[in-house]
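Working through the structure, step by step
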Amino acid sequence: MINMNDLLKVDHLKTGFESDYGTIVSVDDVSFRMKSGETLAIVGESGSGKSVTALSMMRLLGTGSRIMGGQVLFEGKDLLKLNDQEMCDIRGNQMSMIFQEPMTSLNPVLTIGYQMCESIMIHLKQSKKEAWASAVEMLKKVGLPRPEAIMKEYPFALSGGMRQRVMIAMAMSCRPKVLIADEPTTALDVTVQAQIMKLMKELCEESGTAILLITHDLGVVAEMADRVLVMYAGQVVEEADVFTLFEDPKHPYTQGLLKSIPRLDSDDDAELESIPGAVPARYESIQGCRFYNRCPYATEKCHAEMPLLTVTGKDHFTRCWEAQRIEGGVEEVAYE
Ligand SMILES: Nc1ncnc2c1ncn2[C@@H]1O[C@H](COP(=O)(O)OP(=O)(O)OP(=O)(O)O)[C@@H](O)[C@H]1O
Ligand SMILES: [Mg+2]
């Protein structure tokens, strides 16, 4: 059933890649929902399936990939069932994506103006002249100096920060309802990062755009997100609003992530902790909890049986037997 407040609902998404050893499942039964204007952050270590989740939603995965199950409901419509043309209309028009490295999505042999106008003309059905004016206006909004001159430049002539601003301008120019930003500022220096994040948030607030923000940076999460989804080895292991997640994390992996960021209010000589080990390879074949080999609280049950994602507080979900035992609540999440 669709909740009328949901703009987007990802339901039991499962994505894999064909390999010589059979299908490798990279995203395993991922579910979440987003409302208009909301910022949802996805955090998790490298290889946990964040990008594959986003690319599955946009249907931008390359050959060898396979969406094996689930639904991506955008305003009640399953994007996974649309034909290529219908999906193309959604992309850019209703849902846009910003990538970590803007050069991968900007065409190096076309001017910024050409690329921006092409997209605006197609998606907003504007004339060339109108599209040019809209593009200049958007470049101004993202704080680029001399927007008319930038329209005539090729991508290589711009700095990394400028290119990222152009990407945001392009992504926002068609006023999408959902903006997916996959590590949008990792390649930039810290001061530019903060400016770009602030800009993205302001533009989205202005237009009511919901943001799906993928990041490694918990500082960015604290600043930007309303809700947070923690992924580990292809699964969601915790979901909560941003305050609850930072104040009362239930999953040992989330607790580990939070302990590994420096805090201003801790003792000077307090050492930062790290989570020993790494995300296991071929995690789909693990029978029990996928965090078992790195977890300080692991028990026999954790080894034998995969924990379900269960309710451990108000709108707070955790995939951990031990957290459930402590909380005394074992109500499986029903994404209905
Ligand atoms: N094109 C591909 N072919 C085969 N396997 C892939 C492909 N893309 C991703 N994977 C696998 O899917 C898993 C999840 O990858 P994903 O890129 O989603 O990780 P991530 O959480 O975005 O990591 P990072 O933080 O490093 O960007 C990884 O194990 C990766 O090896
Ligand atoms: Mg990624």
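Before any of the text, the structure's been laid out above.
Residues numbered from 1 in each chain as written. Chains lettered and ligands numbered in written order. Predicted model: local features only at pLDDT ≥ 70, side-chain atom pairs only at ≥ 80, totals over all residues. Heavy atoms only, no water.

With that settled, the discussion passes to the pattern of salt bridges. The tally for this structure, following the rule as stated, stands at 13 salt bridges. A salt bridge links R33 to D6; its shortest N-O distance comes to 3.0 Å. In this pair, R33 is assigned in strand β2 (residues 22-35) and D6 in strand β1 (residues 6-19), connecting sequence segments 27 residues apart. Under the relative-accessibility criterion, R33 is labelled partly exposed at 21%. Where D78 meets K81, a salt bridge forms, and the shortest distance between an N and an O atom there is 3.5 Å. (Salt bridge = Lys/Arg side-chain N within 4 Å of Asp/Glu carboxyl O. Helix = DSSP H or I, 4+ residues; strand = E, 2+ residues; numbered from the N terminus. Buried < 20%, exposed > 50% of the residue type's maximum accessible area, 1.4 Å probe, protein only.)

So, about helix α10 (residues 252-259). Taking burial as the measure, the eight residues of α10 include six buried ones, the bulk of the element. Of the residues making up α10, those classed as buried are P252, Y253, T254, G256, L257 and L258. Buried residues along α10 sit against β3 (39-43), α8 (218-224), β9 (227-232), β10 (235-241) and α9 (242-247). (Contact = heavy atoms within 4.5 Å.)

For helix α2 (residues 84-93), the complete set of buried residues consists of M87, I90 and G92. Looking down the long axis of α2, one finds its buried residues gathered within 165° of arc, a one-sided arrangement. Of the residues flanking the start of α2, the one acting as N-cap is N83, its side-chain oxygen 3.1 Å from the backbone nitrogen of Q85. (Arc of directions from axis to C-beta. Polar contact = N/O pair within 3.5 Å; in protein donor to acceptor, adjacent residues only side chain to side chain.)

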